[in-house]
Amino acid sequence: MSTVKLTVNGKAVAVDVEDRTLLVHVLRDHLNLTGTHVGCDTSQCGACVVHMDGRAVKSCTMLAGQADGANVTTIEGIAKGDELHPMQAAFRDNHGLQCGYCTPGMIMSAIDIVHRHGGQLDEATVRQELEGNICRCTGYHNIVKAVLDAAGRMKVSQAAE
Amino acid sequence: MGVEGIGARVVRKEDKRFITGKGRYVDDIKLLGMTHAHFIRSPHAHAKVKGIDSSAALKMPGVVAVLTGQQLVDDKVGNLICGWAITSKDGSPMKMGAWPAMAPETVRFVGQAVAVVIADSKNLARDAAEAVVVDYEELPAVADMHAAIKAGAPQLHPEAPGNQVYDWVIGDEGAVSAAFSKAANVVKLDVTNNRLAPNAMEPRAAIADYDAAEEHFTLYTTSQNPHVARLVLSAFYNIAPEHKLRVIAPDVGGGFGSKIFIYPEEMVALWASKKVGRPVKWTGDRTEAFLTDAHGRDHVTHAEMAFDANNKIVGLKVKTYANFGAYMSLFSSSVPTYLYATLLSGQYNIPAIHAEVIGVYTNTTPVDAYRGAGRPEASYLIERLMETAARQLKVDPAALRRANFITQFPHQTPVIMAYDTGDFNASLDAAMKAIDYAGFAARKAQAKSQGKLRGIGVSCYIEACGIAPSKAVGSLGAGVGLWESAEVRVNPVGTIEILTGSHSHGQGHETTFCQLVADRLGVPISQVSIVHGDTDKVQFGMGTYGSRSAAVGLTAILKAMEKMESKARKIAAHALEASEADIVIENGEFKVTGTDKAIAFPMVALAAYTAHNLPDGMEPGLKESAFYDPSNFTFPAGTYICELEVDPGTGKTSFVNFVAADDFGRLINPMIVEGQVHGGLVQGIGQALLEHAIYDANGQPVTASFMDYAMPRADDVPSFNLSHTTTLCPGNPLGIKGCGEAGAIGASAAVINAITDAIGKNNLEMPATPDRVWRTINAA
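Parameters and conventions
- Residues numbered from 1 in each chain as written.
- Chains lettered and ligands numbered in written order.
- Predicted model: local features only at pLDDT ≥ 70, side-chain atom pairs only at ≥ 80, totals over all residues.
- Helix = DSSP H or I, 4+ residues; strand = E, 2+ residues; numbered from the N terminus.
- Rg over C-alpha atoms; globule rule 2.2 N^0.38 Å.
- Pairing = 2+ DSSP bridges.
- Axes fitted to C-alpha atoms, helices over the stretch in contact; angles between N-to-C directions.
- Contact = placed C-beta atoms within 7 Å.
- Parallel < 35°, antiparallel > 145°, perpendicular 65-115°, else oblique.
- Nonpolar A, V, L, I, M, F, W, Y, C, P; charged D, E, K, R; others polar.
- Domains from an automatic or database assignment.
- Buried ≥ 20, exposed ≤ 12 C-beta atoms within 10 Å, placed from the backbone.
- Core = buried A, V, L, I, M, F, W, Y, C linked by C-beta atoms within 7 Å.
- Left-handed = near helix turned anticlockwise from the far one by under 90°.
- pLDDT = per-residue confidence, 0-100.
- UniProt positions renumbered as here; feature names shortened; annotations may be inferred.
- Right-handed = clockwise from strand over helix to strand, strands pointing away.

Chain B carries the name Xanthine dehydrogenase molybdenum binding subunit apoprotein in an unreviewed UniProt entry, which gives Bradyrhizobium huanghuaihaiense as its organism.

As recorded in an unreviewed UniProt entry, chain A goes by Carbon-monoxide dehydrogenase small subunit and comes from Bradyrhizobium huanghuaihaiense.

Caption draft 1: Just the overall build of chain A, in detail. Helices and strands together make up the secondary structure of chain A, namely five helices and five strands. Starting at the N terminus and ending at the C terminus, chain A contains elements arranged as β-β-α-β-β-β-α-α-α-α. For 161 residues, the compact-globule estimate of 2.2 N^0.38 gives 15 Å, and the C-alpha radius of gyration of chain A, at 15 Å, lies within 12% of that figure. For chain A, the C-alpha atoms occupy an extent of roughly 45 × 35 × 25 Å along the three principal directions.

Caption draft 2: How the structure looks around the sheet that holds strand 7 (residues 164–171) of chain B. Residue and element names in this part refer to chain B. A sheet is described by the order of its strands in space; here five strands give the open sequence 7-15-14-13-8, paired in mixed fashion. The open sheet is flanked by strand 7 and strand 8 (185–193), the only strands paired with a single partner. Across the sheet, the mean angle from the axis of one strand to that of its neighbour is 10 degrees, orientation sign disregarded. Pairing of strand 13 (residues 299–307) with strand 14 (residues 313–325), which is carried by nine bridges, proceeds in the antiparallel orientation. What sits directly across from Phe307, in strand 14, is Ile313. Along the sheet, helix 6 (residues 173–181) makes contact with strand 7, strand 8, strand 13, strand 14 and strand 15 (353–361), crossing strand 14 at roughly 130 degrees.

Caption draft 3: Region of the structure containing the packing of helix 16 (residues 549–576) of chain B against helix 17 (residues 601–610) of chain B. All names here are of chain B. The interhelical angle for the contact between helix 16 and helix 17, taken along N-to-C directions, is 90 degrees, at an axis separation of 10 Å. In terms of axis orientation, helix 16 runs roughly perpendicular to helix 17. When helix 16 is examined against helix 17, the residues Ala568, Ile571, Ala572 and Ala575 are found in contact with a partner set consisting of Val604, Ala607 and Ala608. Of the residues in the contact of helix 16 with helix 17, the class split is seven nonpolar, no polar and no charged.

Caption draft 4: A look at the domain arrangement of chain A. All names here are of chain A. Domain assignment breaks chain A into domain 1 (2–77) and domain 2 (86–160). In this assembly, 15 residues from domain 1 lie in contact with 11 residues from domain 2. Contributing elements (two or more residues each) for the side of domain 1 that touches domain 2: strand 3 (49–52) and strand 4 (55–58). With three residues, the top contributor of residues to the side of domain 1 that touches domain 2 is strand 3. Grouping the constituent residues of the side of domain 1 that touches domain 2 by class yields seven nonpolar, seven polar and one charged.

Caption draft 5: Representation of unusual backbone geometry in the model. A cis amide bond links B:Ile467 to the next residue, B:Ala468, at an omega of -5 degrees. On the secondary structure map, B:Ala468 appears in the loop between strand 18 (453–462) and helix 14 (470–475). In the segment running from B:Met766 into B:Pro767, the intervening peptide bond is cis, with an omega of -10 degrees. By the element assignment, B:Pro767 lies in the loop between helix 19 (742–759) and helix 20 (770–778). Backbone geometry at A:Asn9 places phi at a positive 50 degrees, although glycine is not the residue there. Tracing the chain through its elements places A:Asn9 in the loop between strand 1 (2–8) and strand 2 (11–17). Backbone geometry at B:Glu215 places phi at a positive 50 degrees, although glycine is not the residue there. Examined against the element boundaries, B:Glu215 turns out to sit in the loop between strand 9 (205–211) and strand 10 (216–221). The exposure class assigned to B:Glu215 is exposed, which follows from the 11 C-beta atoms found within 10 Å.

Caption draft 6: Representation of the nonpolar core within the structure. Residue and element names in this part refer to chain B. Grouped together as the largest cluster of nonpolar side chains are 315 residues, with contacts concentrated most on Val116, Val117, Ile118 and Ile641. At 13 residues, the largest contribution of residues to this core is made by helix 16. In this structure, Val116 is in contact with Ala37, His38, Phe39, Ile40, Leu67, Met102, Val268 and Ala272, ignoring residues within four places of it in sequence.

Caption draft 7: Representation of the domain arrangement of chain B in the model. Residue and element names in this part refer to chain B. Domain boundaries assigned for chain B yield domain 1 (15–20 + 483–628), domain 2 (31–139 + 203–253 + 259–292) and domain 3 (299–468 + 632–778). Placing the centre of domain 1 and that of domain 3 at their C-alpha centroids yields a distance of 39 Å. Taken together, the 16 residues of domain 1 in the interface contact 19 residues of domain 3. Those elements that place two or more of their residues in the side of domain 1 that touches domain 3 are helix 15 (509–521) and helix 16. Take the side of domain 1 that touches domain 3: its biggest share by element is six residues, from helix 16.

Caption draft 8: How the structure looks around the interface of chain B and chain A. With 41 residues of chain B at the contact, the number on the chain A side is 44 residues. Of the residues forming the side of chain B that touches chain A, the biggest block, seven residues, is contributed by helix 18 (residues 670–689) of chain B. Across the side of chain B that touches chain A, the residue classes break down as 17 nonpolar, 14 polar and 10 charged.

Caption draft 9: The packing of helix 2 (residues 86–93) of chain A against helix 3 (residues 103–117) of chain A, seen in detail. Residue and element names in this part refer to chain A. Relative to each other, helix 2 and helix 3 sit at 125 degrees, their axes nearing to 10 Å. Compared by their axis directions, helix 2 and helix 3 come out oblique. Crossing of helix 2 over helix 3 shows right-handed handedness. For the pair formed by helix 2 and helix 3, the contact residues are Met87, Gln88 and Phe91 on the first element and Thr103, Ile107, Ala110 and Ile111 on the second. When grouped by side-chain class, the residues that make up the contact of helix 2 with helix 3 number five nonpolar, two polar and no charged.

Caption draft 10: How the structure looks around helix 13 (residues 440–449) of chain B. By the criterion of burial, helix 13 of chain B is predominantly exposed, with just zero of the 10 residues buried. At the C-terminal side of helix 13 of chain B, B:Gly451 shows a positive phi close to 80 degrees.

Caption draft 11: Highlighting the sheet that holds strand 12 (residues 280–283) of chain B. Residues and elements named next belong to chain B. The seven strands are arranged 3-5-1-12-9-10-11 in an open sheet whose pairing can be described as mixed. In this open sheet, the two edge strands, each paired with only one partner strand, are strand 3 (63–68) and strand 11 (245–248). Pairs of neighbouring strands in the sheet enclose a mean axial angle of 20 degrees, with direction left out of account. Relative to the sheet, helix 7 (residues 226–235) contacts strand 10 and strand 11, its axis offset from that of strand 11 by approximately 145 degrees. The sheet strands contacting helix 8 (residues 264–276) are strand 1 (35–41), strand 3, strand 5 (113–119), strand 9, strand 10 and strand 12, and the helix crosses strand 9 at an angle near 30 degrees.

Caption draft 12: Looking closely at the confidence of the model for chain B. Counting all residues, the mean pLDDT for chain B is 97, and 100% of those residues have values of 70 or more. For this predicted complex, the interface score ipTM comes out at 0.98, while the overall pTM is 0.97.

Caption draft 13: Examining the UniProt feature "domain: Aldehyde oxidase/xanthine dehydrogenase a/b hammerhead" (unreviewed entry) in chain B more closely. In the UniProt entry, the feature "domain: Aldehyde oxidase/xanthine dehydrogenase a/b hammerhead" (unreviewed entry) is given for residues 20–140 of chain B. In residues 20–140 of chain B, helix accounts for 17% and strand for 29%; the two terminal C-alpha atoms are 51 Å from one another.

Caption draft 14: Molecular detail of the pairing of strand 10 of chain B. Residues and elements named next belong to chain B. Across the six residues that make up strand 10, a large majority, five, are buried. Relative to strand 10, strand 9 runs antiparallel, the two being bridged by six bridges. Each bridged residue has a counterpart across the sheet, and for Tyr210 the counterpart in strand 10 is Phe217. Two elements, strand 10 and strand 11, share four bridges in a ladder whose sense is parallel. Counted as the bridge partner of Tyr220 is Ile248 from strand 11. Taken together, strand 10, helix 7 and strand 11 form a β-α-β motif whose crossover is right-handed.

Caption draft 15: Region of the structure containing the environment of B:Lys623. All names here are of chain B. Note on placement: Lys623 falls in strand 25 (residues 623–628). Taking the number of C-beta atoms within 10 Å as the measure of exposure, Lys623 has 17 and is therefore partly exposed. In sequence terms Lys623 and His295 are 328 residues apart; their C-alpha atoms lie 42 Å from each other. Not counting residues within four places of it along the chain, the set of residues in contact with Lys623 comprises Glu487, Val488, Arg489 and Val490.

Caption draft 16: Quick look at the environment of B:Ile456. Residues and elements named next belong to chain B. By secondary structure assignment, the location of Ile456 is in strand 18. Here the alpha-carbon distance between Ile456 and Leu476, two residues 20 residues apart in the chain, equals 39 Å. Not counting residues up to four positions away in its chain, the partners in contact with Ile456 are Phe440, Ile641, Glu643, Ala754 and Asp757.

Below is the structure:
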């Protein structure tokens, strides 16, 4: 057993876990942040993506201990109160989700994609960058639209800040 | 239609919880004192279970129990069932081998459970499972259908000699023979419809909770049809009578058919929760999903189509071998028979059809309905045949289709189905216009100058949805009726709860079903809630599959709404001292037509519950229910056209354009309909280019994770160009046909027709991987 200290969605937490515990299980089982999902166990589907120190990571492929001291943001932590993150709003407005299971990971990956590319996103880039996130419902059409839409909204909101 | 009524692109009500991480899926639920189950599964495709030694595991910390198949037998828990009886051509019933939830004696596919460990945590259960020693005696296994039906093949079930489930026929063989004897041309084709793994992104899960004081079970499960689950668990498995079993299917992360069926794991979880006296949770991992979720498709077919001298189809004969896997899953028997062969007429006038379907057991995961279920196999076969015929007869593929289209409705096919309406020319025209079919030759020449092989492929699909008229399916062997139920509860303040037996696992019912209410009453959808997925709340229902929830489920809601409105009208008329016939409903008010007298809907609701001033003899309250049984199937149809390029050096396919023109009848929410089409198209494209659940000759699965099974990813597929043509379905009052499966039914033929057009060779199997395409290009 080890104690892992994290900042999750802005809140400092310490959890005692077996050394083999994965980050995703700390989030889901210990912190009850069940928005982060497990879809494949092999780092392929991306349903478990969260941000660690500002970068998208697959929380099913990382030991909790590797995240010791890190700043973790999950899907539950990106809206400002009732104000949705522009990526969340874009997924809703563009019907970029159906069953909702892959959605948290998609949104977290998509935010990271926009951050890394700034405003320079086109459809082909978005499709390539979503390589690590699998959706079985939407056929990706509306997810791609949502990410491109959100990239514009995020630029505007950054400019406003 | 109003901003939130029928036909409006209303953003989904349910999205807020999903985009903020507040969805509530089975694995998100924790109960006090909950234990965790881990199944011990066979590593062999066929073996005798000689013994199970769990003594070491039981000594490990946190282990509550190790339960085996023999204990299920001792407790008289029933075997899994197949709910649709099929009769072979010799009059004998289908041959169903016994399928116990955990195998006491013999395992017949890799992944079949033999025991389960119950422990305080998932990790402890996994650890203990490593310490359980199962003594297997390996038996010869067979995974290939043709090998399985050969003399001397390993035999799976004593009940099914020769590994044959059934040998079923449909149609008039004599009429087909006569047609072929007079034919000017005969087109022959052998096709394989590749086996697929459904792969809903949420793995299956179950939490079972037994209340000893009440002798009552609660099951939280990933189900598309919780009431059917309760019925089957009660009536056939002896778990508990229905009034002592509550089944809850909360948010469910996709289904595509795979969550229709009752699987061993939830059965065992229920049984185990009573045995250990604590709640039991099981959550599958992805490899368990590959091993145990019912697979889809897996047909091998030889077909011949006969044409007269004017290129009119005169006959069709089909022989299909359908792989059932090791056991008959819940609706497996109906898929390659009544959901497949009844659609073999496609969109065409075919006077004589005969089909024979041989069901085969193999040492593989059971096969059942997967998005489209039989109809993709039929559509793929017919559309590959039409393309092959056009090439052989040297006519334009679109023109050959057009010359054979059914244009008069209703149309009785020779294979049971009576198409009610359609306009196949309209959808073909729309798709050809969208893709600039006329300009293709020039684009092909241009691509050739750049070293690329460009092809175009047409697919004109039809499906039978709105499943299904109960009497009709009963006469064909179904064990259940396929109506739907609904209840409309108006609260005293005028808010409305709609209880439905349909189940949403991505389809957006919480929005579209509210749109019907908004349309009829003029109230905002924020005043309406949809209640579903809980057998304690909704009395009964048949669930969601077969593109049935709008055509059948929403019609049931409409019927209940009509009853509620009728009573509300009487109350309003009484309050307004007007004649009931003069009451109209507009913008949330009941008005006396031609006057300014009106009463708001909430006041009508309040009057119903205060009961101070109701018409004489009227019961208080405002709540009505309805059961709706459709009169016929519905027949969504359309045309998909795919244009793509093949790189002859690598065999890699790149999409240029993909257009879809669908006729789904009336659309409730076009945004949601488009989403359904997008998702279906990618599942069809996935089958055509990427996906294949593969077994080696000994029955070992070689594609049991996302590392090995090629799921379509964002950069494998294009954006789509969609359009709709409309003929309203005459079979239901809303004119709805259904849209959930079309994409998966029509897309794969369009892709393969396009690739074979590009490379100039007709024989190409799915998935058309670059390797396979390259080899086909370079074959002698």
